[in-house]
Amino acid sequence: MTIQQLLKTAPVTTLLLASFIGLFVMQLVTGVDANNPSTEALVKWGANALPLTMMDDPWRLASSAFLHIGLMHLLFNGFAMYFFGQIAEPMFGSAKFLALFLLAAIGGNLLNSYVTWQSILDGTGQPGLSAGASGGIMGIGAALLIAALFKISVNGMVLNLKSLIFIMGINLVYGFAVPGIDNAGHIGGAITGLVIALAFAIGYRQRLAVAIQNAAIQQQRTFNPYQTNYSYSTQDNSSYNSQYSGQYRAQYDNQSSYDATSIDQSPHIDANSTEQDAAFANNETNTADIYADSITANNSPLNNGTVHNSIEPEALKKPSIIWQLLPWLAMLLISIGFVWWWQDIHQQLLQVLKAIE
């Protein structure tokens, strides 16, 4: 995919990649080592450092996601962002994708700071720093896992769940196997991405159900614009009925007279047989009269007394606004939770500093 195609398909992904590269180039221009930047340089350019981030510089929770420690770190995260971003951004939308990346990065840095702070309290750790887009990228990868689990399609294609699990598993295992990797940042970012994507998937399923119902209603409108129930009055058309029944009776009367003539001309019929045939002929005539009457009663003209009960097609449904806002509500609650979490660690730091003084 060319840069023009990536910019058209995933503009936020393109801008994030450009910011990663641009910040790295700015570091090189100011004399920062490309492969082994110093601690002072990383702190200057916005790395996540526990004493600073939890005291006066909370902005480092986000700025550190754009800073990379060396060229290889930048290339690895840049490739992962390119791979995940061109899929995730069209799926979630550019605004949600950007919010997902930032919140996942902040969540990863907060968990890193919390774990570091707890290790300091336990006497097993010391202050450190972290940087890189890994937490945000892991959040995007976890969101794609949820999308594959819920079978959310991208341009008509459903993601391969097994492949995503394999990629995410390699990243986590690599983080635990190689020293110096921010595992807490990876895990915190992944958990944040899972929660946000779960809210998105639930809202997507609900909107999809409404869309399917509307498609069925639209199909009904196309093939059956309206339905009409007919009911007829019992008023008779006397001229039509009398003519029809008279013709019907005349036909059977002629048939009866023909049968009587044939009976009279038969030399082998006795009196009893003649009486039985006459009775049978009378029965046929009565049956014809009854049938004609029933035809007359059930065939009144449609123009007189016809009642049309038109049934309008079902109206299209609209998805509830709550399902459209659910991802944003989830991100709002997560943001509030992050602020509370930062405040909690901040207060603990202040208490420890007061105790030391």
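Not measured: the values here are computed from a predicted model.

Here the focus is the overall build of the protein chain. In terms of helices and strands, the protein chain carries 13 helices and six strands. For the protein chain, the residues scored as buried account for 36% of the 357 residues in total. Nonlocal contacts in the protein chain, meaning residues at least 24 apart in sequence, comprise 80% of its contacts between residues at least 6 apart. For the protein chain, the accessible surface area stands at approximately 20,900 Å², while carbon and sulfur atoms represent 62% of it.

Let's shift gears to the packing of aromatic side chains. The final tally for this structure, using the stated rule, is six aromatic pairs. Ring geometry for Phe 20 against Phe 101: centres 6.3 Å apart, planes inclined by 45 degrees, an arrangement best described as tilted. One end of the pair, Phe 20, is in helix H2 (residues 11–29); the other, Phe 101, is in helix H7 (residues 94–122), with 81 residues separating them in the sequence. For Phe 101, a relative accessible area of 0% translates into the label buried. For the pair Phe 66 and Phe 101, a centre-to-centre distance of 6.1 Å together with 75 degrees between the ring planes defines the contact as edge-to-face. Here Phe 101 lies in helix H7 and Phe 66 lies in the loop between helix H5 (60–63) and helix H6 (71–92), a separation of 35 residues in the sequence.

Where H6 contacts H7, the axes come no closer than 7 Å and their chain directions differ by 130 degrees. One finds that H6 runs oblique with respect to H7. Here H6 runs over H7; the crossing is right-handed. Two secondary-structure elements touch here, H6 through Met 81, Gly 85, Ala 88, Glu 89 and Phe 92 and H7 through Ser 94, Lys 96, Phe 97, Leu 100 and Phe 101. The class makeup of the residues in the contact of H6 with H7 is six nonpolar, two polar and two charged.

Together, Ile 321, Ile 322, Leu 325, Trp 328, Leu 329, Leu 332, Leu 333 and Ile 336 give the surface a local cluster of nonpolar side chains, amounting to about 750 Å² of exposed area. Relative to the helices and strands, Trp 328 is located in helix H13 (residues 321–356). With a relative accessible area of 37%, Trp 328 lands in the partly exposed category.

A few words now on the side chain of Asn 109. Inspection of the secondary structure assignment puts Asn 109 in helix H7. Within the local environment of Asn 109, its side chain forms a polar contact with the backbone oxygen of Leu 61, the two atoms lying 2.6 Å apart.

Moving on: the side chain of Thr 116. Secondary-structure assignment places Thr 116 in helix H7. Once you skip the residues sitting within four places of it in the chain, Thr 116 turns out to touch Leu 50, Gln 126, Pro 127 and Gly 128.

Right, let's talk about H2 for a bit. Every α-helical turn comprises 3.6 residues, leaving residues that sit three or four positions apart pointing alike. Its 19 residues give H2 an end-to-end C-alpha distance of 26 Å, which sits within 8% of 27 Å, the value for a rise of 1.5 Å per residue. Taken together, the buried positions of H2 are Val 12, Thr 13, Thr 14, Leu 16, Leu 17, Phe 20, Leu 23, Phe 24 and Gln 27.

Next up on the list: the environment of Asp 344. Mapping Asp 344 onto the fold places it in helix H13. Using a relative accessible area of 29% as the deciding quantity, one classes Asp 344 as partly exposed.

Right, let's talk about helix H8 (residues 134–149) for a bit. Here H8 contains 16 residues, and its C-alpha end-to-end distance of 22 Å stays within 8% of the 22 Å for a straight helix at 1.5 Å per residue. Taken across its 16 residues, H8 has 15 buried, putting it largely inside the fold.

Of the residues in the protein chain, 71% reach a pLDDT of 70 or more, and the chain-wide mean stands at 78. Low pLDDT, under 50, characterises residues 232–309; the stretch is placed with 43 contacts to residues that sit more than four places away or in other chains.

Here we come to the environment of Ile 321. Residue placement: Ile 321 occurs in helix H13. A C-alpha to C-alpha distance of 9.7 Å links Ile 321 and Arg 207, two positions 114 residues apart in sequence.

At a closest axis distance of 7 Å, the pairing of H7 and H8 adopts a crossing angle of 125 degrees. Between H7 and H8, the interaxial angle falls into the category oblique. Crossing angle aside, the handedness with which H7 passes H8 is right-handed. Residues Phe 97, Leu 100, Phe 101, Ala 104 and Ala 105 of H7 lie in contact with H8, whose contacting residues are Gly 135, Gly 136, Ile 137, Gly 139, Ile 140 and Ala 143. Its residues assigned to classes, the contact of H7 with H8 comprises eight nonpolar, three polar and no charged.

Cut-offs used in this document
- Residues numbered from 1 in each chain as written.
- Predicted model: local features only at pLDDT ≥ 70, side-chain atom pairs only at ≥ 80, totals over all residues.
- Heavy atoms only, no water.
- Helix = DSSP H or I, 4+ residues; strand = E, 2+ residues; numbered from the N terminus.
- Buried < 20%, exposed > 50% of the residue type's maximum accessible area, 1.4 Å probe, protein only.
- Contact = heavy atoms within 4.5 Å.
- Areas by Shrake-Rupley, 256 points an atom, 1.4 Å probe, with all protein chains shown as cover.
- Phe/Tyr/Trp six-rings, centres within 6.5 Å; stacked < 30°, edge-to-face > 60°.
- Axes fitted to C-alpha atoms, helices over the stretch in contact; angles between N-to-C directions.
- Parallel < 35°, antiparallel > 145°, perpendicular 65-115°, else oblique.
- Left-handed = near helix turned anticlockwise from the far one by under 90°.
- Nonpolar A, V, L, I, M, F, W, Y, C, P; charged D, E, K, R; others polar.
- Patch = residues over 30% accessible without salt bridge, like charges linked within 9 Å, V, L, I, M, F, W, Y side chains within 5 Å.
- Salt bridge = Lys/Arg side-chain N within 4 Å of Asp/Glu carboxyl O.
- Polar contact = N/O pair within 3.5 Å; in protein donor to acceptor, adjacent residues only side chain to side chain.
- Expected span 1.5 Å × (residues − 1).
- pLDDT = per-residue confidence, 0-100.

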